[in-house]
Amino acid sequence: MKKYIVLSLAVILFAGKSVLAQDESNFVKHTNIQDKDKDVVITLGTRFTTDAAYLNSDFSDMKSGAKISEFRVRTSLAYKKWFFYGDFDFGEGKFTQKDLYVKYQFTDADNNAQSLKIGYYAEPFSMSLNTSMGSMHFITRSATVNALGNPRALGITYKYVNKYIFANQGIFAENKYNNQIAGSQGVAVGGRYLGIPVNNENLTAHVGASVRYAKINTGEIDKANQILKTNLHVATALENQVDKNNAFLNANIPWANEWYKFGFEGLVKTDKFFARGEYSFDKINKERPDQKLFEAQLGGLWSWTTLESWQSGNPLDNTNFDGGYIELGYLLKGNKYTYNKEDGLLNGISDKGAVELVARYSYTNLNDIKNGDVFLKGKNKFYPDGVITDYPNESTSIAGGKLHSATLGVNYVFNKYAKVMCAYTYSNLDNPYFPNDKNFNIVQARFMFSF
Amino acid sequence: MSRKLYKLSLLFLAIVLISSCKREEVNNYNVDVDKVEIKQLSPEMLKVRDYVPANAVIAHRGSTFWTPEETEAAYRWGREIGADYLEADLQVSKDGVVLALHDDNLKRTTNIENVYGENVPATRKAYYLGLGYAEADADKMVEADKKNFIPNLPSYYTYEELMKLDAGTWFNQTSIEQARPQYAAQHQYISTLEDLVMYARGKRLKRDGNGERVFTKAKTGKKVKSLSGEADLVQYTFAYENDAQDSGNRPGIYIEFKEPWLNPAGFEQMVFDELSRLDMNIITKPAPANEQFYVNGKVNVGNTNGKVILQTFSLQSLGKIKEVFKGQVPMCFLLWKGNGATDISDDSPEGYASFINLGIDNLAHIIGPSITGAPNNYPELLTPWQAHLIRKAKMAIHPYSFDTQDQMKKYFGDYNYGNAIADLTKPPYADAMFTNRSEMTLQYYIDKGVRNANAPKTVKNPNQLLKELGY
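What you see is a predicted model, and the numbers here were worked out from it, not measured in a lab.

Trainee: So what about the overall build of chain A? Which residues, and what values?
Mentor: Per the secondary structure count, chain A includes 4 helices and 24 strands. What you see for chain A is a C-alpha radius of gyration of 24 Å, in line with the 22 Å of a compact globule of 451 residues. Overall, chain A is about 80 × 50 × 45 Å in size when its C-alpha atoms are taken along their principal axes. Across the 451 residues that make up chain A, the buried fraction comes to 37%. Taking the contacts inside chain A whose residues are at least 6 apart along the sequence as the reference set, 63% of them involve residues at least 24 apart.

Trainee: So what's going on with the overall build of chain B? Residues and values would help.
Mentor: Secondary structure summary: chain B contains 18 helices and 16 strands in total. Considered along the principal axes of its C-alpha atoms, chain B spans approximately 110 × 50 × 45 Å. Residues counted as buried form 50% of the 471 residues belonging to chain B. Within chain B, contacts between residues separated by at least 24 positions form 74% of all contacts whose residues are at least 6 apart in sequence.

Trainee: So what about the packing of helix α14 (residues 349-361) of chain B against helix α15 (residues 384-392) of chain B? Which residues, and what values?
Mentor: Residues and elements named next belong to chain B. One way to put it is that α14 packs onto α15 with a least axis distance of 10 Å and a crossing angle of 35°. With respect to the hand of their crossing, α14 and α15 are arranged in right-handed fashion. Contacts between α14 and α15 pair Pro349, Tyr352, Ala353 and Ile356 from the former with Trp385, Gln386, Leu389 and Ile390 from the latter. Taken together, the residues that form the contact of α14 with α15 break down as 7 nonpolar, 1 polar and no charged.

Trainee: Go over the sheet that holds strand β12 (residues 227-236) of chain A, please, and point to the residues and values.
Mentor: All names here are of chain A. Here 3 strands make up an open sheet; going across it, the order is β11-β12-β13 and the pairing antiparallel. Pairing within the sheet leaves two strands with one partner each, and these edge strands are β11 (219-222) and β13 (249-254). The mean angle between the axes of side-by-side strands here comes to 25°, regardless of whether they run parallel or antiparallel. Across 4 bridges, β11 lies against β12 in antiparallel orientation.

Trainee: Break down the environment of Asn32 of chain A for me, citing the residues and quoting the values.
Mentor: Residue and element names in this part refer to chain A. Relative to the helices and strands, Asn32 resides in strand β1 (residues 31-34). Expressed as a C-alpha distance, the spacing of Asn32 and Ser76, which sit 44 residues apart in the sequence, is 9.6 Å. Not counting chain neighbours up to four residues away, the residues in contact with Asn32 comprise Val41 and Thr43.

Trainee: If you had to explain the environment of Lys223 of chain A to someone new, which residues and values would you point to?
Mentor: Positionally, Lys223 of chain A belongs in the loop between β11 and β12. Each C-alpha atom, one on Lys223 of chain A and one on Leu376 of chain A, is 31 Å from the other, the two residues being 153 residues apart in sequence.

Trainee: How would you sum up the nonpolar core? Please name residues and give values.
Mentor: Grouped together as the largest cluster of nonpolar side chains are 118 residues, with contacts concentrated most on Ile58, Tyr85, Leu86, Leu196, Ile253 and Ile356 of chain B. Leaving out residues up to four positions away in the same chain, Ile253 of chain B has contacts with Tyr85, Leu86, Ala88, Leu196, Val197, Ala200 and Val308 of chain B. Ranked by size, the runner-up nonpolar core spans 56 residues in total, among them Ala143, Trp259, Ile284 and Ala399 of chain A.

Trainee: Go over the pairing of strand β24 (residues 439-450) of chain A, please, and point to the residues and values.
Mentor: Residues and elements named next belong to chain A. As defined by bridge partners, strand β2 (residues 40-57) adjoins β24 across 11 bridges and the pair is classed as antiparallel. Looking at β24, one finds that Arg47 is bridged to Ser450. Two strands pair when backbone bridges link them, and strand β23 (residues 418-430) and β24 are joined in this way by 11 bridges, in the antiparallel orientation. Residue Val420 lies in a different strand from β24, and its bridge partner there is Phe447.

Trainee: Please provide a residue-by-residue account of the environment of His206 of chain A, values included.
Mentor: Residue and element names in this part refer to chain A. Along the chain, His206 falls in strand β10 (residues 203-215). Taking the C-alpha atoms as reference points, His206 and Lys341, separated by 135 residues in sequence, lie 10 Å from one another. Sequence-distant contacts of His206, defined by excluding residues within four places in its chain, comprise Leu194, Gly195, Ile196, Leu267 and Gly344.

Trainee: A description of the packing of helix α12 (residues 267-277) of chain B against helix α13 (residues 315-325) of chain B should follow, citing residues and the corresponding values.
Mentor: All names here are of chain B. At a minimum axis distance of 9 Å, the contact between α12 and α13 shows a crossing angle of 45°. By the criterion of interaxial angle, the relationship of α12 to α13 is oblique. α13 is crossed by α12, and the crossing has right-handed handedness. Of the residues in α13, those in contact with Glu268, Gln269 and Phe272 of α12 are Lys320, Ile321, Val324 and Phe325. The residue inventory of the contact of α12 with α13, partitioned by class, reads 4 nonpolar, 1 polar and 2 charged.

Trainee: Describe in detail the interface of chain A and chain B, supporting the description with residues and values.
Mentor: With 31 residues of chain A at the contact, the number on the chain B side is 34 residues. At the level of elements, β2, β3 (65-79), β23 and β24 of chain A are the ones that each hand at least two residues to the side of chain A that touches chain B. Among the residues forming the side of chain A that touches chain B, the class breakdown is 17 nonpolar, 9 polar and 5 charged.

Trainee: Describe in detail the confidence of the model for chain B, supporting the description with residues and values.
Mentor: For residues with low pLDDT, the predicted coordinates do not support detailed interpretation. Summarising the model, chain B shows a mean pLDDT of 94, and 94% of its residues fall at 70 or more. Scored as a complex, the prediction yields pTM 0.90 and ipTM 0.91.

Trainee: Which residues make up the pairing of strand β14 (residues 366-369) of chain B, and what values go with them?
Mentor: Residue and element names in this part refer to chain B. Of the two faces of β14, the one lined by Ile366 and Gly368 and the one lined by Ile367 and Pro369 are each fully buried. In this view, the connection linking strand β13 (residues 331-335) to its parallel neighbour β14 by way of α14 has right-handed handedness. Note that β14 and strand β15 (residues 396-397) share 2 bridges and pair parallel. Note that in β15 the partner of Ile366 across the bridge is Ala396. You can see the chain leave β14, run along α15 and come back into β15, and the turn it takes is right-handed.

Trainee: Quick rundown of helix α17 (residues 438-448) of chain B? Include the residues and the values.
Mentor: Residues and elements named next belong to chain B. Turning to α17, its buried residues number three or more, namely Ser438, Glu439, Met440, Thr441, Leu442, Tyr444 and Tyr445. The inward-facing, buried residues of α17 contact β1 (56-59), α4 (72-81), α16 (405-412), β16 (432-435) and α18 (462-468). Phi for Gly449, located one or two positions after α17, is positive at around 75°.

Calculation notes
- Residues numbered from 1 in each chain as written.
- Chains lettered and ligands numbered in written order.
- Predicted model: local features only at pLDDT ≥ 70, side-chain atom pairs only at ≥ 80, totals over all residues.
- Helix = DSSP H or I, 4+ residues; strand = E, 2+ residues; numbered from the N terminus.
- Rg over C-alpha atoms; globule rule 2.2 N^0.38 Å.
- Buried ≥ 20, exposed ≤ 12 C-beta atoms within 10 Å, placed from the backbone.
- Contact = placed C-beta atoms within 7 Å.
- Axes fitted to C-alpha atoms, helices over the stretch in contact; angles between N-to-C directions.
- Left-handed = near helix turned anticlockwise from the far one by under 90°.
- Nonpolar A, V, L, I, M, F, W, Y, C, P; charged D, E, K, R; others polar.
- Pairing = 2+ DSSP bridges.
- Core = buried A, V, L, I, M, F, W, Y, C linked by C-beta atoms within 7 Å.
- Parallel < 35°, antiparallel > 145°, perpendicular 65-115°, else oblique.
- pLDDT = per-residue confidence, 0-100.
- Right-handed = clockwise from strand over helix to strand, strands pointing away.

Right, dumping it as structure tokens:
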């Protein structure tokens, strides 16, 4: 066993050297290593993705161009019921921790698949976020998934899959490196549950729901008052990989304390067609040490005189966001769409010469604007009850932006190692902070090489 | 088919790459300014806007450079130098007298620390007795005043108490080179709105043998509620006399409303009524339509429908002024950049436009942006693109405050040397100037040849004028 571990490390090192010499050589070779009994299998793979996009807005300047979106190096080791997976990204010139986990897989007496998984990986919530980029049918995930989803976290899950049911649930830490500015980490629990009434050679359908609860404990210390101020930041770029500016869809939720997420999803797949969609509703409850904050402001000539008066001038309200998408695909050329029952996901296309047409509509709503509130751009501030005044009560409105996006794309598979994806996306934004950025047009293309 | 698709995908990628390499204009305010939504004054509002003469000179607080601000000396000088408007800030005394006073803390421009310290004036009981209260009631009222007392805030003092303060001597101590003994020797009072109007009409205070102003006061039976609580509204009757030095100029007044919390509820209506009482409200008593801004080389703005211009920084006052004056009196929305309650904090084209639109929604006719430059170094809120936006809204531009000829040249467009900036509106970027140096602004306009043909053609020497005025 040891020699295979040593060998796998050597292969990784060799791969690293290959990366450095990438311009002059071919891409890193796909590597499989097996022992003679075939109970240890080591794989090594890479994926290189480059994107180009032209972006245009009514008002703000956008950063069109091309970039190396990802350069992934991944390795796995399977030993009997054990499976280790490590995935690291060096795209955009920086190291990013991707999946890193160990999974123990087994079957029960009825031959239903079960697994325990520990490490750093996608939380069991969104269908889209649990799909590898290499298996995607669009250049990017929908904005709603990127904004409201929970990409990866450090935790442990238990998964159960039988012919009709998929259930995956786990518990996760708030911060994978425990390097928050202040506060002990919070915790999240959640799960994704599917019913799969049909899954045969020609037709698959599943419907499902996801739930997630997170307790937010980390934040910044207000040193003057020794108060921990929690904050939830929700943001995403427009649906492209080149301009990652996330200002247009961006919300800070101060004093966030509990985050509830509810998701619903559905998928239908035939040989040549798929349709799938998700909807997510997010509710964020807040908690604030009012007494401490009230006492901290006492002493000035114009201090709030009672806790109640301070609270009425500084109200606190929960925040709600939601969003969803629907995706359609049609395989013009190629074998057929396939379904990954173990993960409850649609697989990507990799047949040589395959061509598919895809379309998506997505909706992301990070605007939680209270009835009657008005926004004054020159102050970047909401005024409650429609009255612009000098000293208004604090508004509880949050305007992170509402985005509607429609994408048309075509994907072509050169061979199982390479494919090209092209897409046009139109987006419409409603964000009071960007009153003149209403319409966005994005033309983009991707080359992806996987080995 | 695969070869075709391969070629097509390469072509598509090439198109994307080429178009992504196209040089996109980095956000440029000179260009963006025409993309933002901007409202425009209605024809009715344009008519009111034009009540104000072009290239008007607004004597900021009368004069802050030559005299103690907002005093009799300041306003007499402003009138006689030939300014079109005498500018003032409005506050209110505890007993309901509308003041022409800038600071909400009396320490800078008066000797209040020596006169009252931080105590309720010792004369307060006598004041109540003078209004006819019994001694026991007067004692109770004084005790109540003591409990709820904020020192140095004007609305905590009756006007009779404010008249005890010296608003002139401080100037001699802070403006050494402009100091004049008479500013201390002759009692300079905190002015009232009525004083301001009277100075603009060629009057001066009538004084008794001790040099104190002559007045009587009477309880009206009405109440006024300000920060200091509810108090009797007192009617002061002030005596004025013709100013021997009056040369016939009749400037208008340019009065500023502060944030409403500083003043009694209904303060805007109070000012409306006071202007009516003083025959300065063109809504209740319009001026003849054919009245000219200048007559026989004298300023005559004070006799026209442009006799009063209202101004405010306050977002809240803006709405209250709209309710009371209904856009029928010229109004200026003042802009200041910062993070305060009334400040514009986002001065991008979108943010700036939102303030202009707010002004138009609230029936303002004029935007009053701050300008940069020594000695005040205010925030710059009148770049060419910002002026362009105001022009697009068809509003007038009254920037503040001018202290140097360099500033006047800059904002009048001399330094553009006739060159256009992108597609922006050409200068001048100012239709009037709030100035601390009225004599310089007048001379600048005269030299440029932009003053009305009937306006004064010469400017008196400011020092000589002060001597003639008795200072």
